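Secondary and tertiary structure notes
What follows is the residue order along each chain.
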Amino acid sequence: MSSDVSAERVTLAEVAEEAGVSLSTISKVLNGRTDVSPGTRARVEDLLHRRGYTRRGIGRSEGHAELIELVFHELDEIWSMEIIGGVESVAKEHGLSVVLTVSGSRHAPDPDWIDGVIRRRPVGVVLVFSELAPEYREQLRTRSIPFVIVDPAGDPSPDVPSVGSANWSGGLAATRHLIELGHRRIATITGPDDMMCSLARVDGYRSAMNSAGLPIDPSWIRFGDFHVTGGRNHATELLSRPAGERPTAIFAGSDLQALGVMDAARAAGLSVPGDLSIVGYDDVPISRWVNPPLTTVHQPLRRMGEEAVRLALRLAGGTRGATPRMDLATSLVVRESTAPPA
């Protein structure tokens, strides 16, 4: 018997004795079994945490299924597919399958998700959320299941591995492009106001406007939902103003919102880009096929999924050192939805 296994059994025996439960109960908690009372489960989890217990044999061993778990709060058929494609490509390179889970809100998965992932015991978890609650992080740590957050919508804790993109730079580049074309009345429709990526894109917009000495009408800054309807609704309000007061250009915080802006412009009898220039964000495939093709900020969604899996696998392999935070570069892609103002 190896010393590692002996140490594990002694530790679990001590935990069982202190918790006043059997070793089989400890095993049920570690494996996410549901036939343990909430009070007992909480007591065992607390003891595992306080004793710094970590299941031996981390990485791809007999203790883990050959899986990468990918978790979204919602599936968008356009945006999500880019990340899914990146995750699947790297998983396939390493002989792993992908389990796709939809759970919770944009901030965190539902509480019952943690029990399921513990039962499935994947090699690693990739989460498209802003954060993961400390108690969930600890439960994954004790089972040696590494996790990585993709495109954090909030400001993740320093000890949380994450892969994002340069949102401020993207907002800056989009707005500068419109300014360089000669636009002065530029509005922006970003995402929800409780998401860091939304705020960073707006900050980039403000920086470009301020650097150019252009005034910013507070009503030109709108917080949407990253979906078509959000872009359409806000653009309808902005474009209902008299011709001399409405914006001549709109920077939308996602390509889907940009499609909504296009729809609102057509409904108002305005041509794109003749009467209104539009810039999106993400560079999803549909942005190249709409009429006119959309000028947008390329966000490397597929590569973000790829890098998240690579990072999870490095952590599963026992890589130590500073917790990685990776921000990938964005770039402006100029197409036909922008032009100098009439």
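Remember, predicted model here, so these are calculated numbers, not experimental data. (Residues numbered from 1 in each chain as written. Predicted model: local features only at pLDDT ≥ 70, side-chain atom pairs only at ≥ 80, totals over all residues. Heavy atoms only, no water.)

A few words now on the sheet that holds strand 11 (residues 325-328). In space, the six strands of this open sheet follow the order 2-1-3-4-5-11, with parallel pairing throughout. In this open sheet, the two strands that pair with only one neighbour each are strand 2 (97-102) and strand 11. Sheet twist, expressed as the mean angle between neighbouring strand axes with direction ignored, is 20°. Where strand 1 (residues 67-72) lies against strand 2, six bridges are found, and the strand directions are parallel. If you follow L70 over to strand 2, its bridge partner there is L100. (Pairing = 2+ DSSP bridges. Helix = DSSP H or I, 4+ residues; strand = E, 2+ residues; numbered from the N terminus. Axes fitted to C-alpha atoms, helices over the stretch in contact; angles between N-to-C directions.)

Before going further, it helps to spend a moment on the packing of aromatic side chains. Applying the stated criterion across every chain yields a total of one aromatic pair. For the pair F251 and Y281, a centre-to-centre distance of 6.4 Å together with 45° between the ring planes defines the contact as tilted. Within this pair, whereas F251 is found in strand 8 (residues 249-252), its partner Y281 is found in strand 9 (residues 277-282), the two being separated by 30 residues in sequence. The exposure class of F251 is buried, given its relative accessible area of 1%. Residue Y281 is classed as buried on the basis of its relative accessible area, which comes to 0%. (Phe/Tyr/Trp six-rings, centres within 6.5 Å; stacked < 30°, edge-to-face > 60°. Buried < 20%, exposed > 50% of the residue type's maximum accessible area, 1.4 Å probe, protein only.)

Taking 1.5 Å as the rise per residue, helix 11 (residues 301-316) with 16 residues should run 22 Å; its terminal C-alpha atoms sit 23 Å apart, in good agreement. Backbone geometry just after helix 11 places G318 at a positive phi near 90°. (Expected span 1.5 Å × (residues − 1).)

Let us now look at the nonpolar core. I186, Y205, I250, F251, V261, L276 and I278 are the most contacted members of the largest nonpolar core, which has 37 residues in total. Within the residue set of this core, elements represented by two or more residues are helix 7 (167-180), strand 6 (186-190), helix 8 (196-211), helix 9 (228-239), strand 8, helix 10 (255-267) and strand 9. Excluding residues within four positions of it along the chain, Y205 makes contact with G171, L172, T175, I186, A187, T188, I216, W220, I221 and F251. Core analysis: the second largest hydrophobic core is formed by 26 residues, I68, A91, V128 and A308 among them. (Core = buried A, V, L, I, M, F, W, Y, C linked by side-chain atoms within 4.5 Å. Contact = heavy atoms within 4.5 Å.)

Take the packing of helix 9 against helix 10 next. It is the contact of helix 9 with helix 10, at a shortest axis distance of 7 Å, that shows an interaxial angle of 40°. Taken together, the axis directions place helix 9 and helix 10 in an arrangement best described as oblique. Seen along the crossing, helix 9 lies across helix 10 with a hand that is right-handed. Side by side, helix 9 and helix 10 meet where V228, G230, G231, R232, A235, T236 and L239 of the first sit next to L256, Q257, L259, G260, V261, D263, A264 and A265 of the second. Here the residues of the contact of helix 9 with helix 10 are counted per class, giving eight nonpolar, five polar and two charged. (Parallel < 35°, antiparallel > 145°, perpendicular 65-115°, else oblique. Left-handed = near helix turned anticlockwise from the far one by under 90°. Nonpolar A, V, L, I, M, F, W, Y, C, P; charged D, E, K, R; others polar.)

Along the chain, S287 falls in the loop between strand 9 and strand 10 (295-298). With residues up to four places along the chain from it excluded, the contact list for S287 reads D255, P293, L294, T296 and R335.

This next bit is on the layout of surface pockets. As a volume, the second largest pocket reaches approximately 450 Å³. Together, 25 residues line the second largest pocket, and H73, E74, W79, M195 and F226 are the ones closest to its centre. Looking at side-chain class alone, the lining of the second largest pocket contains 11 nonpolar, seven polar and seven charged residues. (1 Å grid on protein atoms, 1.4 Å probe; cavity = no way out; pocket = protein on both sides within 12 Å on 5 of 7 lines; lining within 4 Å. Points joined across faces, edges and corners; volume = space filled by probe spheres on them.)

On to the packing of helix 5 (residues 111-120) against helix 6 (residues 134-142). Their axes nearest at 11 Å, the elements helix 5 and helix 6 cross at an angle of 5°. In terms of orientation, helix 5 and helix 6 fall into the roughly parallel class. Between helix 5 and helix 6, the residues in contact are P111, W113, I114, V117 and I118 and Y136, Q139 and L140, respectively. Looking at the contact of helix 5 with helix 6 residue by residue, the classes come out as seven nonpolar, one polar and no charged.

Next up on the list: helix 9. With 12 residues, helix 9 extends 16 Å from end C-alpha to end C-alpha; this agrees with the ideal 16 Å at 1.5 Å per step. Of the surrounding elements, those touching the buried residues of helix 9 are strand 6, strand 7 (221-223), strand 8 and helix 10.

All right, on to the confidence of the model for the protein chain then. Counting all residues, the mean pLDDT for the protein chain is 84, and 80% of those residues have values of 70 or more. Mean pLDDT across the elements of the protein chain bottoms out in helix 1 (residues 3-19) (54) and peaks in strand 8 (98). Scored below 50 in pLDDT, residues 1-10 shows six contacts in the model against residues more than four places distant or in partner chains. Long-range and interchain partners of residues 57-62, a stretch whose pLDDT sits below 50, account for 13 contacts in this model, where long-range means more than four residues apart. (pLDDT = per-residue confidence, 0-100.)

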